[in-house]
Every structure is written in C-alpha cells, then in structure tokens.
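Fold and geometry: a report
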Amino acid sequence: MEFEIVGSSMQTLLVELSDGEAMYTERGGMAWLSNVNMDTSARGGLMKGLGRMVSGESLFMTTYTARRGGRKVAFTPEAPGNVWLQSLPLPNLAAKLNRYISKS
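This structure is a prediction, so every number in the text was calculated from the model and none was measured.

Attention shifts here to the sheet that holds strand 6 (residues 61-66). Read from one edge to the other, the open sheet built from 3 strands follows the order 3-6-5, with strand pairing classed as antiparallel. The open sheet has two edge strands with one neighbour each: strand 3 (22-26) and strand 5 (36-41). On average, each strand axis in the sheet is inclined to that of its neighbour by 25°, with strand direction left out of account.

Moving on, we come to unusual backbone geometry. One non-glycine residue, Asn-35, lies in the positive phi region at around 55°. By secondary structure assignment, the location of Asn-35 is in the loop between strand 4 (30-34) and strand 5.

A separate point is the sheet that holds strand 4. With antiparallel pairing, the 4 strands of this open sheet are ordered in space as 1-2-7-4. Looking at strand neighbours, the two that pair on one side only are strand 1 (2-6) and strand 4, the edges of this open sheet. Within the sheet, the average angular offset between the axes of one strand and its neighbour, ignoring direction, is 15°.

Turning next to the pattern of salt bridges. The tally for this structure, following the rule as stated, stands at 1 salt bridge. Here Asp-19 ties to Arg-71 by a salt bridge, and the two come within 3.3 Å at their closest N and O atoms. With a gap of 52 residues between them, Asp-19 in the loop between strand 2 (12-16) and strand 3 and Arg-71 in the loop between strand 6 and strand 7 (72-75) connect regions that are remote in the sequence. What makes Asp-19 exposed here is its relative accessible area of 54%.

Our next topic: the packing of aromatic side chains. If you walk through the whole model with that rule in mind, you get 1 aromatic pair. On the numbers, 5.5 Å between centres and 80° between planes, the contact of Tyr-64 with Phe-75 is edge-to-face. You can see Tyr-64 sitting in strand 6 and its partner Phe-75 sitting in strand 7, a full 11 residues away along the chain. Grouping residues by exposure puts Tyr-64 and Phe-75 together as buried.

Cut-offs used in this document
- Residues numbered from 1 in each chain as written.
- Predicted model: local features only at pLDDT ≥ 70, side-chain atom pairs only at ≥ 80, totals over all residues.
- Heavy atoms only, no water.
- Pairing = 2+ DSSP bridges.
- Helix = DSSP H or I, 4+ residues; strand = E, 2+ residues; numbered from the N terminus.
- Axes fitted to C-alpha atoms, helices over the stretch in contact; angles between N-to-C directions.
- Salt bridge = Lys/Arg side-chain N within 4 Å of Asp/Glu carboxyl O.
- Buried < 20%, exposed > 50% of the residue type's maximum accessible area, 1.4 Å probe, protein only.
- Phe/Tyr/Trp six-rings, centres within 6.5 Å; stacked < 30°, edge-to-face > 60°.

Here it is as structure tokens:
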C-alpha cells in the first residue's frame, strides 16, 4: 500500500493498493476509485456494528479491494481541512479526531 496526501486547503488522501490488497473505512469520505471493488457490511457482525454505533461511529464499514493495475482510492474530509498521518502504538487501534478516514 502506497499513499500520498495531496492539496492544500481541501486535502485528499490518495491510496494505491497492490493486487488483492484491501483496506476498510467508515461510510462516506470516498471521493473516487479506480479498479477497486467496494463492499459495505457490518464488519465483525451486527453486534460489533451496534457497538460502533453506540460509540458514535458508523454501523457499516466499507472494504476496498484492489482488482488489477491502476488500483487507487481517494478520500477527502467532509469539510475543508488538513489530512495527516498518525502512527498508532497498536496495530488494531484506530483513532478518531473529528473524522476517521481509513485503516489497512
């Protein structure tokens, strides 16, 4: 997975996936995609989805899986603002500051 943050006042997270590689996000935020399958589900089952809802997140998660050459997905915030990379101490930990964009 390669990524790039582009733009100045309305930044975009541009992600390029390898063949068969997948990532997931909350609903919304995806601006466009190319050669990527998109599947929406209550990732982890209904109870985990309801747990996410109770904590202010989305019931449904969208998984993006690369198909073949030129596999890109672009994400943007809902309002003008900056996008930045935040390293997290644990691999299964996700952070949310106003808007969670994605996790691989």
